[in-house]
Amino acid sequence: MLPETEPCEKQLARAKLRESFLRSVMELEGKVCKIVTYEKSMLEATFSGWNPDGSEILVQNMKTPANLQMDSAILRTPDILSITFVNSLEES
């Protein structure tokens, strides 16, 4: 049988990890990113936010391979292969 404090310790550890994840996502707001979709399309956009359940991301100033620019878009995370954030020299 588990000691009574172990479930509480696990819950505290999960809470700290979730808080750290949410802070990291908040730090990404306004950062330029390159997104690769399952269709192998390369999109460039400014990251704006993440749906709390992780199902969608919100981007702004999205450029498509057809050279279309969208002011804002919601992308479903199942349609995304990768997101790479671009570091500028000023941020280093």
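- The chain has the name Gem-associated protein 7 in an unreviewed UniProt entry, where Pieris macdunnoughi is given as its organism.

1. Quick notes on the sheet that holds strand E5 (residues 80-85)
- Pairing in this open sheet of five strands is antiparallel, and the strands run E4-E3-E2-E1-E5 from one edge to the other. Bordering the open sheet on either side are strand E4 (69-76) and E5, each of which pairs with just one other strand. For this sheet the average axis-to-axis angle between neighbouring strands, irrespective of direction, equals 40 degrees.
- Bridge count for strand E2 (residues 42-50) against strand E3 (residues 56-63) is five bridges, and the pairing is antiparallel.

2. Things to note about the nonpolar core
- Residues Val25, Cys33, Ile35, Leu43, Ala45, Phe47, Ile57, Val59, Met62, Ala73, Leu75 and Ile80 constitute the largest nonpolar core, which totals twelve residues.
- Going through the elements one at a time, strand E1 (32-37), E2, E3 and E4 are the ones with two or more residues in this core.
- Once residues within four sequence positions are removed from consideration, Ile80 is found in contact with Ile35, Val36, Thr37, Tyr38, Ile57 and Leu75.

3. A look at the environment of Leu58
- Among the secondary structure elements, Leu58 is positioned in strand E3.
- Taking C-alpha positions, Leu58 is 6.5 Å from Leu75, a pair spaced 17 residues apart along the chain.

Rules used throughout
- Residues numbered from 1 in each chain as written.
- Predicted model: local features only at pLDDT ≥ 70, side-chain atom pairs only at ≥ 80, totals over all residues.
- Heavy atoms only, no water.
- Pairing = 2+ DSSP bridges.
- Helix = DSSP H or I, 4+ residues; strand = E, 2+ residues; numbered from the N terminus.
- Axes fitted to C-alpha atoms, helices over the stretch in contact; angles between N-to-C directions.
- Core = buried A, V, L, I, M, F, W, Y, C linked by side-chain atoms within 4.5 Å.
- Buried < 20%, exposed > 50% of the residue type's maximum accessible area, 1.4 Å probe, protein only.
- Contact = heavy atoms within 4.5 Å.

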